[in-house]
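Structural characterization, general
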Amino acid sequence: MKILVTVSEVATVEDEFEIDGTAIADQYLGADLNEWDDYAVEEAVQLQEAGLADEVVTVTIGPEDAEQTIRQALAKGADRALRVWDDDIADAGLLDPATKADVLAAVVDREEPDLVLSGVQTGDDSFGATGVALADRVGYEWAAVVNHLEHDLADGVASVRRELEGGVEELTDVDLPAVLTIQTGINEPRYASLRGIRQAQRKPLEVQTLDDLGLEGVESAYALTAMYEPESESDVTVWEGGADETATELAEMLREKGVAQ
């Protein structure tokens, strides 16, 4: 069985930052593996360790700068990686879920995985729709917001538990091939070992363009027109000093607000 995991690089932002037009100034930005995708990678690697998968492949839509983040997934156990990028994608700007799904669907058609794992959302745009849109494109069954997956996949069926509204959970079976969007907390993502980091440098990382995938181009339905830092809706009081002193000040404030007597 082959598992394909979608992996995204997301920006990390310092506590204090400045906005430059429609972007945060570069000096305040870092990059990391998307939190939800980290759990998806771990789930795929655990399935492989359980003897249920022969290969774990990651796919990323991103520029060359994302390769360091991609190798984080390789260091954690993925066997090889694909990175999709060209000038057409770069010029498209902010990619909407449907556009991402079109690109990823071309990768699925090429790789023919039995199972696709995708993070529920990314920490930057937080659309939370790409995985389900991908399933629709390729005609796979799907389950969203999965927080438990039985590691047996008996008879080509994935038994999952997924989150619904209001804290309700659903137990359901999904026939493979399928797309599952993975929720945080489904497992405990491992740290990359020193050995894994060394091995990741030697694992295949293939770069594909839209033309390589048989796609003529992309055109996103979304455009980023403005960026601003929202104003705080409440004031925060910060006390400095020892525990005895600050506890007294907190108690006085709570009495003033009628919370305590």
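Reference entry: report on the structure contained in this document.

Conventions and cut-offs
- Residues numbered from 1 in each chain as written.
- Predicted model: local features only at pLDDT ≥ 70, side-chain atom pairs only at ≥ 80, totals over all residues.
- Heavy atoms only, no water.
- Salt bridge = Lys/Arg side-chain N within 4 Å of Asp/Glu carboxyl O.
- Helix = DSSP H or I, 4+ residues; strand = E, 2+ residues; numbered from the N terminus.
- Buried < 20%, exposed > 50% of the residue type's maximum accessible area, 1.4 Å probe, protein only.
- Polar contact = N/O pair within 3.5 Å; in protein donor to acceptor, adjacent residues only side chain to side chain.
- Contact = heavy atoms within 4.5 Å.

1. Examining the pattern of salt bridges
Here the structure, examined in full by the defined rule, presents 14 salt bridges. One salt bridge in this structure joins E49 and R190, with 2.7 Å as the shortest N-O distance. In this pair, E49 is assigned in helix α1 (residues 35–49) and R190 in the loop between β12 (178–182) and α6 (194–200), connecting sequence segments 141 residues apart. We classify E49 as exposed; its relative accessible area is 53%. Given the relative accessible area of 25%, R190 is considered partly exposed. A salt bridge links E169 to R161; the nearest nitrogen and oxygen atoms lie 3.1 Å apart. Ionic contacts of the salt-bridge type, sharing partners, join the residues K2, E55, R80, R110, E111 and E206 into one network.

2. Some details on the environment of L250
By the element assignment, L250 lies in helix α7 (residues 243–256). In this structure the C-alpha to C-alpha distance between L250 and W142, which are 108 residues apart in sequence, comes to 50 Å.

3. Re the side chain of S118
Note on placement: S118 falls in strand β8 (residues 115–119). By relative accessible area, which is 8% here, S118 ends up buried. Within the local environment of S118, its side chain forms a polar contact with the side chain of T6, the two groups lying 3.0 Å apart. If near-sequence neighbours (up to four positions away) are discounted, S118 is found in contact with T6, D37, A40, G131, L180, T181 and I182.

4. As for unusual backbone geometry
Here the bond from L176 into P177 is cis, since omega is 0°, no more than 30 degrees from zero. Relative to the helices and strands, P177 is located in the loop between β11 (169–175) and β12. Despite not being glycine, V145 has its phi angle at roughly 55°, a positive value. Along the polypeptide, V145 turns up in strand β9 (residues 141–149). The phi angle at L153 is positive, at roughly 50°, despite the residue not being glycine. When you line up the elements, L153 lands in the loop between β9 and β10 (157–163).

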